[in-house]
Amino acid sequence: MALLGKENTKIMSKLAPCLLLLFFFLCGLFLIQDTSPTTDEIPFHMVNGYTYLKTHDYRMSPANPPLIRQWMALPWLFIKPDLNLDKKSWIEADSVPFGVEFFYKDNRQIANKLLYSSRFMILILGLLLGLVIYLWAKELYGDWGGVLSLVLYVSCPSFLAHSSIAHTDVGVALFCTLSAYFLWKFLESDKKRFLLIFSLVFGMACAAKYNALILGIFFLLTILAKKGFKEFGASTLLTVFVAFFVVWSSYFFEFKPLLWEGVPRIEEKLGFIPSFLHWPAQNIPIPMPSYILGIAGIIRSHQSPYLHYAFGEWTTNSHWYFYLFSFAVKMTIPFLCFLIFRAISFKYSSSKKGNENLVVLIPTIAYFLMTFSDSTGVGVRYLFPIIPLLMVWAGGVVLLWKTLDIVIILLAFSALISLFRNFPDCLSYFNSFVGGSKNGYKFVRGSDVDWGQGLKELKKFMDYTKIPEVTLRYFGTADPSFYGIKNRPFSDEEIITPSNRVYAISIFNLEHIKWAKSRKPDALIKGSIFIYDTR
């Protein structure tokens, strides 16, 4: 930096974050229109968010709290799509048929407008997350520490991809990062107003996604480690009280029996409740019963066998290292290198008081340990609440500038280059530890690889290669015909042996077609769909 001169260096340090955030925003705008709807966007997030806003009825898919879903559906209040609640799928709270019909039948003419507007709302949250990362790292390590942390965020393909689709993961990451920031401010200054703001923001995290509850426990344990049991007790009471009312407000202060008449499959749910509680559960109103049902559903799903793909096989077993592996192969190698440098130089790359080490490392290590017993295999997005904390923490490497200046510059630029090399296929990005994006599917699947995002690119490929029709096995809830894809399903015979056709198979469904895995594909579409031309 000395070569630029002191004044130019200062200007660059102020200009760089603006350019980086603008770059992130423009890339996000491109990705918003580049991919077809991912599997959960239509039936579980966007449409449900709109029904929540219009009806304050949370029967549909309580597996996520409502805050981010309602946020992404806010533009729809101005677009005013048709909402028909006289359907069997609404009465039975069957999200998939209700959402797909809402999108591709009732509002087909404005489907893209609905999709893009909701995705834009999530891109706003992604930008805010980048800003928070920059400002916190700047406070800790100076202007260039903030820039370095922001480079690591902006160049992360996973965060860019998820900031461009209508899901809840970026929202919970934003509020968890803000919670950690204000917790750090409280530890630094001992001012109660920061503890109050922490409680408010943590409540928003809990209203965004349930995994924030896990992180909250570790945030409070950080207070215990730093300030002792008395402060821990008082802080816990305040946090629980404030967060409760924030979450309740996100449900518009819902006050109903736990199993009120609109709850689907009541008899099934009564089977999990002691008989003496059946009458109270169906008759006595309580605050935000939908939130409680959602937590119960999440606990049950984590206790039940959950089929997922891991390390070459479909399994219901847990692999204690699954999320460590997912983190190691879905993050850029420069980011991982910065984390290693930060850990090795722990003493010399920390701030003066070093409180960020407690706020970042206690929740992060504890959260990773919690994943060791998880058997759902969700993928790297499950780690989104803690990854931004590590990006902030990695910014401390800048304090080693005099020793590692060339290394820091080269790694920062290589992080951006790794993004350019894989853009726009960011959702299916894998680093070179597993041979890049073309090999990642051999180890994990789901949202780390194929989430139904490839239909638009499939249509472009068909037009370019003059393929009039494909035999399609698609993983997703989007309608291929909406994108002009003429397709037919697999016959029973074709599942065993291909005929003289062009086949398009979602990587998620690869094992469903007996011959596909042993045959080399002719093309890979959007990192998610294999093409086999057997004509």
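Structural notes, computed from the coordinates. (Residues numbered from 1 in each chain as written. Predicted model: local features only at pLDDT ≥ 70, side-chain atom pairs only at ≥ 80, totals over all residues. Heavy atoms only, no water.)

1. Describing the overall build of the chain
The helix and strand inventory of the chain stands at 23 helices and nine strands. Radius of gyration (C-alpha) of the chain: 24 Å, near the 24 Å computed for a compact globule of 535 residues. Overall, the chain is about 65 × 65 × 45 Å in size when its C-alpha atoms are taken along their principal axes. Per-residue burial over the chain gives 57% buried out of 535 residues. Considering only contacts within the chain whose residues lie at least 6 apart along the sequence, 74% involve residues at least 24 apart. Split by element, the accessible area of the chain, about 22,600 Å² in all, is 65% carbon and sulfur. Mean positive and mean negative side-chain charge positions of the chain (51 and 38 charges, respectively) differ by 7 Å. (Helix = DSSP H or I, 4+ residues; strand = E, 2+ residues; numbered from the N terminus. Rg over C-alpha atoms; globule rule 2.2 N^0.38 Å. Buried < 20%, exposed > 50% of the residue type's maximum accessible area, 1.4 Å probe, protein only. Contact = heavy atoms within 4.5 Å. Areas by Shrake-Rupley, 256 points an atom, 1.4 Å probe, with all protein chains shown as cover. Lys, Arg positive; Asp, Glu negative; His and termini not counted. Charge placed at Lys NZ, Arg CZ, Asp CG, Glu CD.)

2. Concerning the pairing of strand E5 (residues 470–473)
Of the pairings in the sheet, the one linking E5 to strand E6 (residues 487–488) comprises two bridges and is parallel in character. Of the residues in E6, the one forming a bridge with Val470 is Asn487. In the sheet, E5 pairs with strand E7 (residues 502–506) via three bridges, with the strands oriented parallel. By the bridge assignment for E7, Arg473 is matched with Ile505. (Pairing = 2+ DSSP bridges.)

3. Re the environment of His319
Position of His319 relative to the elements: it lies in the loop between strand E4 (313–315) and helix H17 (322–330). Residues His319 and Ile495 lie 176 residues apart in sequence; the distance between their C-alpha atoms is 30 Å. Contact partners of His319, with chain neighbours within four places excluded, come to Ala310, Phe311 and Phe372.

4. Observations regarding the packing of helix H10 (residues 169–189) against helix H19 (residues 355–371)
Two numbers describe how H10 lies on H19: the axes approach to 9 Å, and their chain directions differ by 145°. The chirality of how H10 crosses H19 is right-handed. Residues Ala180, Leu183, Trp184, Leu187 and Glu188 of H10 form the contact with H19, whose participating residues are Asn355, Glu356 and Val359. In the contact of H10 with H19, the residues fall into five nonpolar, one polar and two charged. (Axes fitted to C-alpha atoms, helices over the stretch in contact; angles between N-to-C directions. Left-handed = near helix turned anticlockwise from the far one by under 90°. Nonpolar A, V, L, I, M, F, W, Y, C, P; charged D, E, K, R; others polar.)

5. So, H10
Over its 21 residues, H10 extends 30 Å from the first C-alpha to the last, a length consistent with the 30 Å expected when each residue adds 1.5 Å. In terms of burial, H10 is a largely internal element, 19 of the 21 residues being buried. Phi for Asp190, located one or two positions after H10, is positive at around 65°. (Expected span 1.5 Å × (residues − 1).)

6. A look at helix H7 (residues 111–141)
Between the first and last C-alpha of H7 there are 45 Å, a value that for 31 residues agrees with the 45 Å anticipated at 1.5 Å per step. Immediately beyond the C-terminal end of H7, within one or two residues, lies Gly142, with a positive phi of roughly 90°.

7. Side note on a nonpolar patch on the surface
Taken together, the side chains of Met12, Leu15, Leu19, Leu22, Leu26, Leu29 and Phe120 define a hydrophobic patch exposed on the protein surface, amounting to about 580 Å² of accessible area. Element by element, the count of residues in the nonpolar patch is highest for helix H1 (residues 6–34), at six residues. With respect to the helices and strands, the residue Phe120 is situated in helix H7. (Patch = residues over 30% accessible without salt bridge, like charges linked within 9 Å, V, L, I, M, F, W, Y side chains within 5 Å. Salt bridge = Lys/Arg side-chain N within 4 Å of Asp/Glu carboxyl O.)

8. Overview of the sheet that holds E5
Two pairing modes exist for strands in a sheet, parallel and antiparallel, and in both the strands are linked by backbone hydrogen bonds. Overall, mixed pairing links the five strands, which are arranged E6-E5-E7-E9-E8 in an open sheet. Both edges of this open sheet fall to E6 and strand E8 (523–525), since each of them pairs with a single strand only. As paired elements, E7 and strand E9 (residues 529–533) share five bridges and run antiparallel to each other. Of the residues in E9, the one forming a bridge with Val502 is Asp533.

9. Observations concerning the environment of Ala166
Following the sequence through the fold, Ala166 ends up in the loop between helix H9 (157–162) and H10. It is 27 Å that separates the C-alpha atoms of Ala166 and Met370, two residues lying 204 residues apart in sequence. Each residue touching Ala166, except ones within four places of it in the same chain, is listed here: Glu41, His45, Met46, Met72, Ser118, Arg119 and Ile122.

10. Here we look at the pairing of E9
E9 sits mainly inside the fold: four of its five residues count as buried. With three bridges connecting them, E8 and E9 associate as antiparallel partners. Bridge pairing links Ala523 to Ile531 in E9. Here E8 folds back onto E9, and the loop between the two strands holds three residues, one of which, Lys526, carries a positive phi near 55°.

11. Side note on the pattern of salt bridges
Scanning the entire structure with this criterion turns up 24 salt bridges. For Glu494, the salt bridge identified is with Arg501, shortest N-O distance 3.6 Å. For Glu494, a relative accessible area of 4% puts it in the buried group. Through salt bridges with shared partners, a single ionic network connects Lys87, Glu101, Lys105 and Asp106.

12. Looking at the packing of H19 against helix H20 (residues 387–394)
Direction vectors running N to C along H19 and H20 enclose 145°, while the axes themselves pass 10 Å from each other. You can see that H19 and H20 cross each other, and the crossing is left-handed. Residue-level inspection shows Glu356, Asn357, Val359, Val360, Leu361 and Thr364 of H19 in contact with H20, the latter providing Leu389, Leu390 and Trp393. Class assignment of the residues belonging to the contact of H19 with H20 gives a composition of six nonpolar, two polar and one charged.

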